[in-house]
Amino acid sequence: MKHYIIVKFKEGTDYCALADPVRSIFEETLSIPGIHGVDIRLSNSERANRYDMMIIMDMDKEALAAYDVSEPHLRWKSLYGNVVEKKAIFDCDD
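In short, a report on the structure. (Residues numbered from 1 in each chain as written. Predicted model: local features only at pLDDT ≥ 70, side-chain atom pairs only at ≥ 80, totals over all residues. Heavy atoms only, no water.)

## Notes on the pairing of strand β1 (residues 2–9)
And then number 1: Most of β1 is tucked away, with six of its eight residues classed as buried.
And then number 2: Bridging between β1 and strand β3 (residues 53–59) involves six bridges; their strand directions are antiparallel. Bridge pairing in β3 links Lys2 to Asp58.
And then number 3: Bridge count between β1 and strand β4 (residues 84–92): eight bridges; the pairing is antiparallel. Bridging across to β4, Ile5 finds its partner in Ile89. (Buried < 20%, exposed > 50% of the residue type's maximum accessible area, 1.4 Å probe, protein only. Helix = DSSP H or I, 4+ residues; strand = E, 2+ residues; numbered from the N terminus. Pairing = 2+ DSSP bridges.)

## Considering the side chain of His3
And then number 1: Checked against the element boundaries, His3 lands in strand β1.
And then number 2: In this structure His3 comes out as buried when scored by relative accessible area, which is 4%.
And then number 3: In this structure the side chain of His3 is engaged in a polar contact, spanning 2.4 Å, whose partner is the side chain of Asp91.
And then number 4: Apart from residues no more than four positions distant in its own chain, His3 is found in contact with Ile55, Ile56, Met57, Met59, Leu64, Tyr67, Ile89, Phe90 and Asp91. (Polar contact = N/O pair within 3.5 Å; in protein donor to acceptor, adjacent residues only side chain to side chain. Contact = heavy atoms within 4.5 Å.)

## A look at the sheet that holds β1
And then number 1: Read from one edge to the other, the open sheet built from four strands follows the order β2-β3-β1-β4, with strand pairing classed as antiparallel. One side of each edge strand has no neighbouring strand; the edge strands of this open sheet are β2 (35–42) and β4. Each adjacent strand pair in this sheet contributes to an overall mean axis angle of 15°, direction not counted.
And then number 2: Across the sheet, helix α1 (residues 15–27) is in contact with β1, β2 and β3; its angle to β3 comes to roughly 15°. (Axes fitted to C-alpha atoms, helices over the stretch in contact; angles between N-to-C directions.)

## Overview of the packing of aromatic side chains
And then number 1: Counting across every chain of the model gives four aromatic pairs.
And then number 2: Measuring from ring centre to ring centre gives 6.4 Å for Phe26 and Tyr67, while their planes differ by 35°; the resulting arrangement is tilted. In this pair, Phe26 sits in helix α1 while Tyr67 sits in helix α2 (residues 64–68), placing the two residues 41 residues apart along the sequence.
And then number 3: Ring centres of Trp76 and Tyr80 lie 5.7 Å apart, and the angle between their planes is 35°; this geometry places the pair in the tilted category. Of this pair, Trp76 and Tyr80 both sit in helix α3 (residues 71–80), four residues apart, which is roughly one turn of that helix. Both residues of the pair, Trp76 and Tyr80, belong to the buried class. (Phe/Tyr/Trp six-rings, centres within 6.5 Å; stacked < 30°, edge-to-face > 60°.)

As structure tokens, this is what we get:
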């Protein structure tokens with residue numbers, strides 16, 4: 001399945017500068033059995049009503065529970081939760 005995390009950061013956050021550190025965290029999830037790929041995409045639009053970053057994970061549906069309690073996922077929330085204005089989570093089949 002695909003697991004999408006679509007993030008709108010708080011105003012003034014340099015989300016482009018966060019891309020590499022966030023990518024590093026999410027690449028650590030590749031050690032979790034059933035997680036096959038991670039991709040980070042940045043918005044190319046500066047419109048106020050657009051989200052800033054999309055994290056795309058390719059995983060087996062059964063891997064979602066392990067991901068939810070994993071150290072990288074908890075670290076992502078701990079380090080960047082304070083600069084996230086809102087986010088949408090979307091899961092779907094390939």
